[in-house]
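# Reading the structure
The primary structure of each chain is shown beneath.
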Amino acid sequence: MTLVIVKKTLRLAVDANAIDSPASMASLLQAAELLRSGGTVAFPTETVYGLGANALDDAAVQAIFEAKQRPAWDPLIVHVTSEEQLNIVAGEIPRNGRRLIEAYWPGPLTLLLPKGPRVPAIVTAGRPRVGVRMPRHPVARKLIELAQLPVAAPSANSFGRTSPTRAEFVLEDLDGRIDAVIDSGGTALGLESTVVDVCEDPPILYRPGMVTFAQVQALCPSLVAYRDFQDASSRALPSPGVGLKHYSPRARLILLEWDTAELLRLAEQLQATGEVVGIMLPTNVNIGHPYLIYRWGDPTDHDQLARRLFAGLRELDAAGATVIVSPLPENEGLGVALRDRLLKAAR
């Protein structure tokens, strides 16, 4: 895959709390014009930063794949802000889709819908369904409204790397390879959207996320979870977010169930072999050993753990860890999505 180098990646500041201020609007108008002209712009959503391009422009979408070094078999999610844009990118919405839209849009839920004819095949990896989401973040919404087009946007990182929750993390991977990044601070949720195929009966939850299985199942009682562990490298994925290895730090990641004594024992063993050990440590645990520590959060507060997960992996990478030890949250509620990300990152 050819790597396109851009002379300079613009860093455009936008204050999400003063989005209509002259400075914020100047940045947003510049970013919107880049999207309309076929450029690539990273921008914040409530989940993670996305790398956006005009979803109806084959060449613009190709630039996303080139910048991320993303394989063509991995489909993208299209972001919209109106029923008009939804009708452009998708065909008839199934009944379960309408139920979920009414309950969770705008928000961190992606629906697989029948692909509209104007959406290039590259967006969906040649498959007949397109992932569509309506973001809640005010900066994302304003950008898409100003651009007046649906925006294809996977996470704004190199393929397989940890998803970015701050603009500086975007630039760690993509500086010089994209046209611009909108810097609007850290994202509020920290994990990517839940992905549900509502064209199937029963509906299929492909990627767990901030909207939990139980929440979707309350509206779609026959919902099932995706269970395909085959190697997907030789075929188009059925959905964004189901690759076997993803979200990975540069350091080796070792996981264990939430047992502080076992975590510290493993860290000591690894350090004895010469590893530089980083630990995703709960805030209620204190240790006196010379490890790289990231204070992850309260083990019972899954929202906090989600918000801080990817930042922790990136910060321990930046601090020089050669191996990161992390406990696994409980396998319930939002913990299911947290475990999904960690298990894929550790492959």
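Structure: see above.
Summarised in this report is the structure supplied together with it. (Residues numbered from 1 in each chain as written. Predicted model: local features only at pLDDT ≥ 70, side-chain atom pairs only at ≥ 80, totals over all residues. Heavy atoms only, no water.)

## Re the overall build of the chain
In terms of helices and strands, the chain carries ten helices and 15 strands. Computed over the C-alpha atoms, the radius of gyration of the chain is 20 Å, within 12% of the 20 Å expected from 2.2 N^0.38 for a compact globule of 347 residues. Counting only C-alpha atoms, the chain reaches 60 × 50 × 40 Å along its principal axes. In the chain, which comprises 347 residues, the share counted as buried stands at 58%. Partitioning the contacts of the chain with sequence separation of at least 6, the portion at a separation of at least 24 is 67%. About 13900 Å² of surface is accessible on the chain, with carbon and sulfur atoms providing 50% of the total. (Helix = DSSP H or I, 4+ residues; strand = E, 2+ residues; numbered from the N terminus. Rg over C-alpha atoms; globule rule 2.2 N^0.38 Å. Buried < 20%, exposed > 50% of the residue type's maximum accessible area, 1.4 Å probe, protein only. Contact = heavy atoms within 4.5 Å. Areas by Shrake-Rupley, 256 points an atom, 1.4 Å probe, with all protein chains shown as cover.)

## A word on the state of the cysteines
Enumeration according to the criterion identifies zero disulfides in this entry. With no disulfide of its own, cysteine 199 lies closest to cysteine 220 among cysteine sulfurs, the gap being 12 Å. The exposure class of cysteine 220 is buried, given its relative accessible area of 1%. (Disulfide = S-S within 2.5 Å.)

## Section: the side chain of asparagine 96
When you line up the elements, asparagine 96 lands in helix 4 (residues 95-104). Polar side-chain contacts of asparagine 96 include one of 2.7 Å to the side chain of arginine 99. Non-local contacts of asparagine 96, meaning those with residues more than four positions away in its chain, are made with Val198, Pro203, Leu219 and Cys220. (Polar contact = N/O pair within 3.5 Å; in protein donor to acceptor, adjacent residues only side chain to side chain.)

## Section: the nonpolar core
In this structure, Leu111 and Val196 are the most contacted members of the largest nonpolar core, which totals 44 residues. Elements represented by at least two residues in this core include exactly strand 3 (49-54), helix 2 (58-68), helix 3 (83-89), helix 4, strand 5 (109-114), strand 6 (129-133) and helix 6 (167-174). No other element matches the five residues that helix 2 contributes to this core. Once you skip the residues sitting within four places of it in the chain, leucine 111 turns out to touch Gly97, Leu100, Ile101, Trp105, Val130, Gly131, Val132, Val196 and Val198. Counting residues in hydrophobic clusters, the runner-up holds 26 residues, among them Met210, Tyr247, Tyr294 and Leu338. (Core = buried A, V, L, I, M, F, W, Y, C linked by side-chain atoms within 4.5 Å.)

## Things to note about the sheet that holds strand 13 (residues 277-282)
One open sheet accounts for four strands, arranged 12-15-13-14; its pairing is parallel. Edge positions in the open sheet fall to strand 12 (252-257) and strand 14 (292-297), since each of these has one partner strand only. Taken pair by pair, the neighbouring strands of this sheet meet at an average axis angle of 25°, ignoring direction. The pairing of strand 13 with strand 15 (residues 323-328) spans three bridges and is parallel. The residue of strand 15 that forms the bridge with valine 277 is valine 323. (Pairing = 2+ DSSP bridges. Axes fitted to C-alpha atoms, helices over the stretch in contact; angles between N-to-C directions.)

## Focus: unusual backbone geometry
In this model, tryptophan 105 is joined to proline 106 through a cis peptide bond whose omega is -10°. Structurally, proline 106 can be placed in the loop between helix 4 and strand 5. A cis amide bond, omega 10°, links aspartate 201 with the succeeding residue proline 202. Relative to the helices and strands, proline 202 resides in the loop between strand 9 (194-197) and strand 10 (204-207). One non-glycine residue, alanine 125, lies in positive phi territory at about 55°. Assignment of secondary structure puts alanine 125 in the loop between strand 5 and strand 6. One non-glycine residue, glutamine 148, lies in the positive phi region at around 60°. Relative to the helices and strands, glutamine 148 resides in the loop between helix 5 (138-147) and strand 7 (151-152).

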